Amino acid sequence: MRIRILWPAGQATATLRATPTTEALWAELPIESTASTWGEEVYFGTPVSAPREDGARQVVEPGTVAFWTDGDSLALPYGPTPISRDGECRLASPCNVLGALDGDAQVLGTVRPGDPIRVERA
């Protein structure tokens, strides 16, 4: 499954694995939300609510597409967050890993807090 994430200054695509959370998200697409940032992470609310899955992780690679179960949000880290150590991508809490962005995750640096975000099937 592939998704496209769009915001005023850019867009990215991502390839997702088949997981229960991915299936729930896929069923709700397209979704529109408002971006928030936390260090070098973009996150935004979704209409999906999902439990933490086996394999949920707090430290991930840049460009990971994660679902933050505590906030019903997609979390897209592209660099360190305020709680990172040694430059890692450390999320606020363990998140369900859904997949990864295609290409350079640094494109997320153009997302500004309050930007409208749209996620659709690619």
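Our structure's up above, just so we're on the same page.
All figures in this text were calculated on a predicted structure; none of them were measured in a lab.

1. Description of the packing of aromatic side chains
Next, step 1: Going through the model one piece at a time under the given rule, you end up with one aromatic pair.
Next, step 2: Between the aromatic rings of Tyr43 and Trp68, the centroid separation amounts to 6.2 Å while the plane-to-plane angle is 80 degrees, which identifies the pairing as edge-to-face. Taken as a pair, Tyr43 in strand β5 (residues 41–45) and Trp68 in strand β7 (residues 64–68) lie far apart in primary sequence, 25 residues in all.
Next, step 3: With relative accessibility at 25%, the residue Tyr43 sits in the partly exposed group.

2. A look at the pairing of β7
Next, step 1: Of all the five residues making up β7, four are buried; the element is thus mostly covered by neighbouring parts of the structure.
Next, step 2: Sheet topology places β7 next to strand β9 (residues 89–101); four bridges connect them, and they run antiparallel. Paired with Thr64 across the bridge in β9 is Ala100.
Next, step 3: Two elements, β7 and strand β8 (residues 73–77), share three bridges in a ladder whose sense is antiparallel. Considered in β8, the bridge of Ala66 is made with Ala75.
Next, step 4: Between β7 and β8, which pair antiparallel one after the other, the connecting turn spans four residues, and Asp72 there sits at a positive phi close to 50 degrees.

3. Some points on the side chain of Asp115
Next, step 1: Inspection of the secondary structure assignment puts Asp115 in the loop between β9 and β10 (116–121).
Next, step 2: No salt bridge forms around the buried Asp115; measuring N to O, its nearest opposite-charge neighbour Arg112 is 6.3 Å away.
Next, step 3: A polar side-chain atom of Asp115 sits 2.9 Å from the main-chain amide nitrogen of Arg112.
Next, step 4: Those residues in contact with Asp115 that sit more than four places away from it in its chain are Trp7, Pro8, Ser33, Thr34, Ala35 and Thr110.

4. Description of the side chain of Ser84
Next, step 1: Within the fold, Ser84 resides in the loop between β8 and β9.
Next, step 2: Within the structure, the side chain of Ser84 is placed 2.6 Å from the backbone oxygen of Glu88, a separation counted as a polar contact.
Next, step 3: Those residues in contact with Ser84 that lie beyond four places of it in its chain are Cys89 and Arg90.

5. Structural notes on the environment of Val97
Next, step 1: Structurally, the position occupied by Val97 is in strand β9.
Next, step 2: Considering only alpha carbons, one finds Val97 and Ser33, 64 residues apart in sequence, at a separation of 20 Å.
Next, step 3: For Val97, the contacting residues outside a window of four places in its chain are Arg17, Thr19, Arg57, Val60, Thr64 and Val65.

6. A closer look at helix α1 (residues 20–28)
Next, step 1: Among the residues of α1, those classed as buried are Thr21, Thr22, Leu25 and Trp26. Seen from one end, α1 has its buried residues packed into an arc of 135 degrees, which puts them on one side. Pointing more than 90 degrees away from the buried face of α1 are the exposed residues Pro20 and Ala27.

7. Description of the environment of Ala12
Next, step 1: Looking at where Ala12 falls in the secondary structure, it is placed in strand β2 (residues 10–16).
Next, step 2: Sequence-wise, Ala12 and Ala105 are 93 residues apart; in three dimensions their C-alpha atoms are separated by 8.3 Å.
Next, step 3: Setting aside residues up to four positions removed in sequence, Ala12 forms contacts with Ile3, Arg4, Ile5, Trp7, Leu101 and Val107.

Definitions and cut-offs
- Residues numbered from 1 in each chain as written.
- Predicted model: local features only at pLDDT ≥ 70, side-chain atom pairs only at ≥ 80, totals over all residues.
- Heavy atoms only, no water.
- Phe/Tyr/Trp six-rings, centres within 6.5 Å; stacked < 30°, edge-to-face > 60°.
- Helix = DSSP H or I, 4+ residues; strand = E, 2+ residues; numbered from the N terminus.
- Buried < 20%, exposed > 50% of the residue type's maximum accessible area, 1.4 Å probe, protein only.
- Pairing = 2+ DSSP bridges.
- Lys, Arg positive; Asp, Glu negative; His and termini not counted.
- Salt bridge = Lys/Arg side-chain N within 4 Å of Asp/Glu carboxyl O.
- Polar contact = N/O pair within 3.5 Å; in protein donor to acceptor, adjacent residues only side chain to side chain.
- Contact = heavy atoms within 4.5 Å.
- Arc of directions from axis to C-beta.

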